[in-house]
Amino acid sequence: MNAFLKAVHCLALCLALGGPLFWTCIWRVLDTPDVHRATLQVWQRVRFGIWLGAVCFLLSGAADLLRAAHQVIDPTDLESLIQFLIGTRYGNMTLLKILLVPLFLMSVFWLSTSYPRLAQVCAALCGLALLSTLSLTSHAAAKPGIVPVLSETIHLAGVVVWGGGLLYFALLPWKTIRQETETYGRLLWKLVERFSTIALVAVCLLVMSGAVLAFLHVYGFPAFSDTPYGRILSTKIAVFLLTLGVAGWQLMRLGPALKRQARTRILRTAYTLLGRCAALVRIEAVLILGAILLAAVLTTLPPAERPAQVTHGAWDKTLGAWHVHLTMTPRGDRGQVQFDIALTPVHNQQLPPALQLFVHLRMRGHDMGTLRRAAVPIAAGYYTTPGLVSMAGAWEVEITLQPPGAATLTTTFAFAAATGTLDQDRNRRLELAAIGASLLAMLSCLLGLLLGALAVVTLWASRSGRMSGWATPFGLCLMVCGGYLVLRVVLVDAYPTTYLANPLPSTPEAIGQGQGVFQQHCAVCHGRDGHGDGPAAAGLSPTPADLTAAHVDDHTDGDLFWWLTHGIAGTAMPPWQEQLSEPERWMVVHYIRSLRRGRL
């Protein structure tokens, strides 16, 4: 029921906002006196669609409000319902819709007769505000910053422009158009070409904003198959691509054929082409409706922003005379895992009672300062030990067997972690400061912008006739590639302080003061020299990080400041924001950097 209400709400908005757009920007621009009969029929359908969309938008919005209110209050209690309307964002947006829809209708039907330009501006502003009411109650509104909401608004605008216009295109009086082929055949190719140009802009907006939203709401490619949100999103993308294929066929093949027919005027051929055009437009409209329904379903599911925990894993290997079965099980907190090892002799020999088994969990290509642990025997041939996956990436588990009086045996098991303890509180966000983080990032953005500029030129040339129509898909591919190169740099998993520069200069005085703070508060765990060997380190699990190891250079000053401020969940690292002032924490960051530089 929830998804149905959301789908009706979005479809109604497409009808309400798409009607004036189709009438003003597509049909009326091409209207001539000899097509007056079709113009009257088109206006009747557009007017009915606008009214129907506006009424359904208000009714479905009110029904959705009652559904949302029912989850927290008794909607039959008028006082509580009024408080919900006034005191919640959902209620405020519903009130705003009730105010904006009449203003939108007045602009379209009444103000347009006396002040057409003013009416268009008012209708556009009301439409943009209505789009914002949806984006401000979406998943994007829960994200920090303006970028998620702006991306959602742009995405909805693309849906309204392409989907709303396409619905009215499908509702054209095709019977009248085909009956008077000689009159309307000359017009239709212009209609297809103009609508295709506007739809192309909408598709570009959909692709770019959709890429941003997908990055914000989906933690990675595994989520597309492992989570309900990802599977529905995958289906929606497939429907979108299928719709794009139908639209591309109409743009690349049917449009030019209609243009040639307008010159040759062979009525039988024109009649056939008009029938194909009507069929393709209706198929495209049905696919758009399917995509809107899938998008509505997405709004009812929690986004796959981050995996809930490390994925369960099991591996088998033969190690010398032993068969090793390793199982990795999540322990509830993100990053916390438990390893269970079962040893089975290959040749039925007895298990040596003094056999020792060690487990070393470490990150590949990224020294996290982890230590080898002795597994605890819980039964004959069965061992267990806890572990901590500290961050997303490629990991491996090294199993070492030390039989008494025999050679040491070692093997490794590799796995990929989608999250870890250090990823706590990270949010996907737009960080322009990430461009200057490295030379590779700057070059990637520069190349992406160049490809984007080339894409715009290519699309403009193909639509203006300076290049073949087949340059359009090439331009879209260039835009996708350029957008990817830029977005992969500026859209990152980061803390709010990740790309914040240290406000204190790295002077001997600042480093000295940071050393004093470190020795007083941090050395008990991390050691006087930062090696993670302080007096309290032996009793901690996991052990404190070695702050002189290479992995420190992989984190920004802002990352270190965040962990000093908020601590690290699942570890013994506490938050220090109450004990240490902000300048003191930044000075400690300078001192940690000096520990690493001193070893180089």
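For the structure, check the block above.
This report concerns the structure included in the present document. (Residues numbered from 1 in each chain as written. Predicted model: local features only at pLDDT ≥ 70, side-chain atom pairs only at ≥ 80, totals over all residues. Heavy atoms only, no water.)

Okay, the pattern of salt bridges next. What the rule picks out here adds up to seven salt bridges. Here D64 ties to K6 by a salt bridge, and the two come within 3.2 Å at their closest N and O atoms. Residue D64 is located in helix 2 (residues 36-70), and its partner K6 is located in helix 1 (residues 2-30); the two are separated by 58 residues in the primary sequence. Each member of the pair D64 and K6 is classed as buried. Between R67 and D64 there is a salt bridge; the shortest N-O distance is 2.8 Å. Remark: D64 and R67 occur in helix 2; sequence separation between them is three residues, near one turn of the helix. Given the relative accessible area of 22%, R67 is considered partly exposed. Given a relative accessible area of 7%, D64 falls into the buried group. (Salt bridge = Lys/Arg side-chain N within 4 Å of Asp/Glu carboxyl O. Helix = DSSP H or I, 4+ residues; strand = E, 2+ residues; numbered from the N terminus. Buried < 20%, exposed > 50% of the residue type's maximum accessible area, 1.4 Å probe, protein only.)

Under the definition given, this model contains two cavities of 30 Å³ or more. Here the second largest cavity is characterised by a volume of approximately 30 Å³. As for the second largest cavity, its lining consists of F22, V42, R45, V46, Y168, L171, L172 and P173. For the lining of the second largest cavity, the element with the highest residue contribution is helix 2, accounting for three residues. (1 Å grid on protein atoms, 1.4 Å probe; cavity = no way out; pocket = protein on both sides within 12 Å on 5 of 7 lines; lining within 4 Å. Points joined across faces, edges and corners; volume = space filled by probe spheres on them.)

The next subject is the layout of surface pockets. Estimates place the volume of the second largest pocket at around 880 Å³. Along the walls of the second largest pocket sit 40 residues, with H526, T543, P544, A545 and I568 positioned nearest its centre. Contributions of two or more residues to the lining of the second largest pocket are made by strand 4 (356-363), strand 7 (382-388), helix 15 (508-521), helix 16 (523-526), helix 17 (557-566) and helix 18 (582-599). Here the lining of the second largest pocket is built from residues that sort into 27 nonpolar, 11 polar and two charged. (Nonpolar A, V, L, I, M, F, W, Y, C, P; charged D, E, K, R; others polar.)

Counting residues in each nonpolar core, the largest one holds 68 residues, and the members touching the most others are F22, W27, F104, W162, F169, L172 and L258. Not counting residues up to four positions away in its chain, the partners in contact with L172 are F22, W27, V42, R45, I177 and L191. Core analysis: the second largest hydrophobic core is formed by 50 residues, M328, L361, I399 and F413 among them. (Core = buried A, V, L, I, M, F, W, Y, C linked by side-chain atoms within 4.5 Å. Contact = heavy atoms within 4.5 Å.)

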